[in-house]
Each structure stands twice: as C-alpha cells, then as structure tokens.
Amino acid sequence: MKDNRINADNIFEFNKRGWTLIDLKLSEESIFRAQEGLKNMRRLSIKNDYKPRRIYYDHLIRNNKAAIELPFNNNICNVNIKNFFKEAKIGSLVKTIMGWENTCCDLARLFCMGNYKYRGNWHRDYSADLKRIHSDLSNQRDVVLVGIYLMPQEGFRILKKEYEFNGPKSIVKDNETDMAVRSFPYPLSPPTDSYDVINGKIGTALFFD
C-alpha cells in the first residue's frame, strides 16, 4: 500500500534531482513530545557520559556533543522517541518512494549540536555505483538516506547531479579525485551553482540518494 503523504511531485523531484522534502503530517503535539524526548535524551547522554557519540571541534568548544550514536539503545532512548517513530512511519515512506517491499536501517544518528554553526567536510555517506548516480529509476537504487527535522535547520548542501560523476558539468572527475577531496580536513566551497541548499522545516523529512 502506498503512503499518501508522498505525491507525484515528490517522486519526480527525487528521481530528477536526487532529493525531496516530505511533510510527515504530524500534529503539533506529536512534534512537541518528540522534541522534549530528544532534549531529555541529550541531557541524559551528557549526564551519564554516553560513549557512542560524535564530538566536533573539541579543541575549540568543550564537550561539543554533535551527535548521539545508537539513539535507539534502551539505555538512552525514551518512550517519546519510540512513539514518534511509530507515528512517523518512516519505513512506509521509504517503501513508497523507493518502490521496495522490505527495508532495513543501517545507521541511526541524532544530531544535537544546539546553536553552534559549522560546515561539515565534503563527503559521501555510501560508496557510489557510477552507473546509478544518474539513474532516474528508483528501483535501481539500494540505499536511501533520510534526515528528519524536529528543529529548523538551514544550510545542508547536496551536490547537483550534473556536477556529480559523469555529469555534464562534473567537478568530481573520478574516484581518485573524489577520494582526494574527501581526505581534505577542512570544509570546501564548491561553486555556488553546483549544489542545492536545503531549508529543513520542523516536521519534514529529507529523502536523498
């Protein structure tokens, strides 16, 4: 059964440009409870020195906990978070947009940097099959990433397909170039017309490949 929160425009956007924002259509109360659950999770992780974590720029900012890893661990997760994912039904959205029968989650991470602004290094979350980069058929993909916004976030950048591997304006000519750029330890600034900037609104989910 298809999830009616995804429309034809979402499918077109995802296949054409590689990403789309989807309204989770959750009530304000559901989102508020989830936000409170996330705040409690962050407080508990700091209090108990929960180790699966990411600390960014610790040489500049003391204990700048950027992300909590394994957030569904019962030692850290709370009922508000569990209820949120029951209501959000992310798996249903994934099945609809990807045309899959079954799904699994390889990685879950809670970003919780607060008001600190930073730009992450150039990176690719999964190794790329060059033949699939420019595919317009979602059933040829075997990985999709989902970012859920429970707080507003602007500035997330996604490289446009025409600037990707084998694209007509490619700035990533081959695997060697890709690896060399990603090994650079500081944020880079590709041409401003080479990427989309995402305006993440509360209660939406970003699907990207």
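Notes on the structure follow. Only a predicted model underlies this, so the values are computations on that prediction, with no experimental measurement involved. (Residues numbered from 1 in each chain as written. Predicted model: local features only at pLDDT ≥ 70, side-chain atom pairs only at ≥ 80, totals over all residues. Heavy atoms only, no water.)

1. A word on helix α3 (residues 79–88)
For α3, the full list of buried residues reads I81, F84 and A88. Across the axial projection of α3, the buried residues extend over an arc of 55°, all falling on one side. Away from its buried face, by an angle of more than 90 degrees, α3 presents the exposed residues V79 and K86. Among the structural elements, α2 (28–47), α4 (90–98) and β5 (145–149) are those in contact with the buried residues of α3. Backbone nitrogen of N80 and a side-chain oxygen of the N-cap are separated by 3.1 Å at the start of α3; the cap is N78. (Buried < 20%, exposed > 50% of the residue type's maximum accessible area, 1.4 Å probe, protein only. Helix = DSSP H or I, 4+ residues; strand = E, 2+ residues; numbered from the N terminus. Arc of directions from axis to C-beta. Contact = heavy atoms within 4.5 Å. Polar contact = N/O pair within 3.5 Å; in protein donor to acceptor, adjacent residues only side chain to side chain.)

2. Brief notes about the pattern of salt bridges
According to the stated counting rule, one finds 9 salt bridges in the structure shown. In this structure, D49 and K51 form a salt bridge, with 2.8 Å as the shortest nitrogen-oxygen distance. With relative accessibility at 36%, the residue D49 sits in the partly exposed group. We classify K51 as exposed; its relative accessible area is 53%. Of the charged contacts in the structure, one is a salt bridge between R109 and E69, with a shortest N-O distance of 2.9 Å. Within this pair, whereas R109 is found in strand β4 (residues 109–111), its partner E69 is found in strand β3 (residues 65–69), the two being separated by 40 residues in sequence. (Salt bridge = Lys/Arg side-chain N within 4 Å of Asp/Glu carboxyl O.)

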